[in-house]
Structures are given as C-alpha cells and as structure tokens.
Amino acid sequence: MKQAFRVLIMVFGLGQLFSCGQNNQLSAWLENDKKLSQQDSTALSKWLLDNDLTAEDFKVSEPPKGHSGEFSVVVSGQHIQSIRAKGVKSLKGLSQLAELTSLDFKNFKQTDLSDCPPQLKLLGIAGDELLTLDGVQNCKQLEQIKTVHSAVSSLEPLLDLPKLTSIKINFSQLSTVEIGRSAPLLKFLDLSHNQINHFAIHAELPQLEILVLDDNQLTSWKHNQNTPLLVAISVKNNRIQDLTTVAPINSVKRISLSGNPLHDLTALTDWPNLKSIDFKDKLADSSAPINRKIRHANGPLELQLAEAEYLKQKYLANSDFIESLPEKTGGQAYGVGKNISSHFNLHNNPTVSGSIKIDDLNGLMRLPVVSTDDLLQYHRKIVMRGQASVKQGSLNIYSPTEIDFWDMAKLFVDTPIKQRPKDRDDLVIKGFIVNRVSPGETVEFSTNLVAIAGKYLLLLGPEQGEASDIHLEFE
C-alpha cells in the first residue's frame, strides 16, 4: 500500500513539475534554441517584424493542444507547425518554416496570396482587402482552404492545386462560377453566402461528395454527370422556382431546397437515388409521391442526426470495418526479427519506426513492438504506418478503433448539440479496421497499436491457415 501511494505521489509530482513554471509566451521560445530551432526562430522573428507583430502577443502550445487565442503558434519538435494571427500584411518568409502546415489569418491586409508557402496544407484566411486568390497556386501541398468575409470574386486559382480536398469560400464576392478544370481530389465545396447567380460544372470532379450553395441568387444551376460520388446538395435560400431546368443527378441522395420560391418538386422524381428532401414551404400538389421524401423536421437535432448518419455511412462504405475479431488471440510467430526505434515524450504521441520480419505466422496474435517503464507513457496512442508484404498466405493487420460520428457531425452543422440522444448509441462504432495483404503485393497500412500498460502490441494474423515470409517497414 505504501509503495502504491509512493508511485501516485511520484506521478502527481512529475505532473506538477512539467505543468508549472512553463512560459508559453512566444518571446521566451524565440530566445531558447532547445525549444525552437535556430532556423525557425530567425525566420519567424523576421516575419513578425515585417508584419508589425510582436512575439509578446503570441502564445505557444504543443500538440495535442491546438491554438490558444487570436495570436498563437503551435510548435512540435522545435519546429513551428501552425500560426494564427490578425492583421497580417504578407506571407513572405513563411516558406522558410519547413514544417509549417497550417495558417489561420483574420483581417488579412494584402490583396492576394503571393508568397504562399509551398509546404502549406491548411489555409484559413479572412479580410475584405483580399481581392483575389492569385498566388495560392504556389501551395502545391494545400489540402483545405477556407476564405470568409473577403472580396474574392473567383475560385479559378484553386483548380490548379492537385491535392485540394476541401474549398470553403463564404461571405465573399462570387457571382459567376464555372468549373472548367478537373479537381481530382476535391470532396467538399461550400460557396454559401455569396452573390452567385450562375453556377456550372463542366469538368470532372470524381471525388466530390458534398456541394453547398446556400444563400446565393441562383434561379437554376448546370451540372454534368462527372461527379459520381456526389451524394448531397444544398441550395437553400436562393431564387429557384423551377427544377425542370436541372438535369437529374444520379448519385445524389439528399437535397436541401428550403427558402426557395418553389411549389412543385415532381421534377425530382427522375433522380434515381434521392432519399431525402429538405423543404418547408407549401406545395401546389401536396399529394405528389415525391413529397413523401420531404424531411419535415429539420431542427438542429435532426440535422446533426442526418449528418452523423451520413458520416457513418461514408466511413463504413470506404473502410474494411469489423465489429469483432474472427477468433481469439493466441497464435504463434516463428523466426521474428526486429529493428525498431521509438521516441516517447510528454508533449506528443509516441512514435515508432523500423522493420519487422516474420518467417511464419500461425493464428491471430499480439506481437510486441515497443515497451516503456515510464508510468507517464502508459496507455498512450501509437500509430504505426508503413508498408507490408507477404509471400505465402494472406495477412491481416487489425487496427482497434472507436469513432463517435455524433461528435464528428458537430463540425459540419451550424448549431451543434453536445449530448448524443440516449437511443442513438449506434452512432458510435467500436471494432477493428482490417488492412489486408495478399501474397506477392506490397500494401500501405496504418494501425493503432494495442496498449497494455507500458507494452505496445501489433495485432495481426493470417486470413486463414498460415502466412509466411512477412515484412513490415514502418516510420
């Protein structure tokens, strides 16, 4: 009992030691090369000076924590990952921050996005002095962009970005939007709260899933059939009076039309996969069969439920998920060789890299990967990513997962509700994602290691029988 109490005191004391006395002001980090690399410190100091910003106004946080306040930076491993600020005049010099992947700038003081850092993945920018997105083409790694309260009148420059998955341009000056070039990875397009009176898709958008055009001035829109994954369209609060001018979109399952001067929905009868219509106003023929698809209740609760159900559906459709393992663990691995290095610290999730070779694997088993005696590192999350191959037999790598789609849906609704309804436990799934490796092929995999106290284990096994000559390379 005394020993257990001593351990508790030690853990509590260490926690206090690491949590107290820290200076999270950026000015202190710039002066400490153990906290921030010399290159990042020099580049950021010059950028602050050029933009009339002072380090004393910025707070520093480290993953898994995010930004704190309107002026903050996120630092990981002595390198700046993200910056949030107001009143920025220029992006010049930020490309020297090699690991900078995210920017969030309000009240931006430049007319374009010249000197956009090429390594950037996420960009959030607001300011009525921003006239154009020109310059964003330099950000070849950009995956998501959000522009609000700007004077931007064209999204054309974005269509040159090969990795872009999400575009959100709101409260800006878009009026005519024609998409004439393919955006191969774009999944989400939100152009709500503009003055769009003409919208047309002429090019292939093979990954587009959600299109939002709410609060514009549309009377119709033009669309082709090159969006095979588009399942949801929202055109609320526009000027649409007639749906016969819109060609049926085969893939769409949900459409939102509330706030339009519509009195007839029968044209939607020809949309083969339509399941749900969001519409509140009075219809000329209330008995038309298509009206049975109207979702009458669309308050915050119903909207979040619908979003959560959609997210769950898409996740299960695009992943190999099982609720339980095919058999109990207890298999055997023979001829195991490991070359593994790991890194544990208090601020980031632990990392593991290296390789594992297995001559023969018989049955499902938990294979030890790394371990630690540090009580503060017990039960941390370790994600193992890499490539797997097997010469004989099929290999399955199982990743334990638990996902709350209700919580995920909060990010996509205007009025998020914190508490999940008591009868909707089905919106939480718990089980395993399966990475399947066939003989003779190399497969990219990502898996969560199983944490048992300070031991971290890889859950794997053959599809059936045995698997031989297995190689895992990970970093």
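Residues numbered from 1 in each chain as written. Predicted model: local features only at pLDDT ≥ 70, side-chain atom pairs only at ≥ 80, totals over all residues. Heavy atoms only, no water.

1. Quick word on the confidence of the model for the chain
When pLDDT is low, close inspection of the predicted coordinates is not appropriate.
At step 1: Residue-level pLDDT values for the chain average 86, and 93% of them are 70 or greater.
At step 2: The model gives residues 1–22 a pLDDT under 50, and that stretch makes seven contacts with residues more than four places away or in other chains. (pLDDT = per-residue confidence, 0-100. Contact = heavy atoms within 4.5 Å.)

2. Thoughts on the nonpolar core
At step 1: Judged by nonpolar contacts, the single largest core of 82 residues is most densely connected at Ile 83, Phe 105, Phe 199 and Leu 265.
At step 2: Ranked by residue count, the leading element in this core is helix H3 (residues 38–50), at four residues.
At step 3: The residues contacting Phe 105, other than those within four sequence positions of it, are Trp 47, Ile 83, Ala 85, Val 88, Leu 91, Leu 94, Gly 124, Ile 125 and Ala 126.
At step 4: Of all hydrophobic cores here, the second largest spans 26 residues; its members include Leu 361, Val 437, Phe 445 and Leu 460. (Core = buried A, V, L, I, M, F, W, Y, C linked by side-chain atoms within 4.5 Å. Buried < 20%, exposed > 50% of the residue type's maximum accessible area, 1.4 Å probe, protein only. Helix = DSSP H or I, 4+ residues; strand = E, 2+ residues; numbered from the N terminus.)

3. Thoughts on the sheet that holds strand E4 (residues 102–106)
At step 1: Reading across from one edge, E1-E2-E3-E4-E5-E6-E7-E9-E11-E12-E13-E14 is the order of the twelve strands in this open sheet, with mixed pairing throughout. With one partner strand each, in any of the chains shown, strand E1 (59–61) and strand E14 (276–278) form the two edges of the open sheet. Direction aside, the axes of adjacent strands within the sheet are offset by 10° on average.
At step 2: Taken together, the four bridges between E4 and strand E5 (residues 122–127) define a ladder with parallel strand orientation. Within the sheet, the bridge partner assigned to Ser 102 lies in E5 and is Leu 122.
At step 3: Sheet strands in contact with H3 are strand E3 (79–86) and E4, and its direction is about 15° off that of E3. (Pairing = 2+ DSSP bridges. Axes fitted to C-alpha atoms, helices over the stretch in contact; angles between N-to-C directions.)

4. Points about the sheet that holds strand E25 (residues 466–474)
At step 1: Pairing in this open sheet of five strands is antiparallel, and the strands run E16-E17-E25-E19-E22 from one edge to the other. The two strands at the open ends of the sheet, each matched to only one other strand, are strand E16 (332–343) and strand E22 (442–448). The average angle at which neighbouring strand axes cross in this sheet is 20°, direction not considered.
At step 2: As paired strands, strand E19 (residues 383–392) and E25 are joined by six bridges and run antiparallel to one another. Of the residues in E25, the one forming a bridge with Gln 392 is Ser 468.

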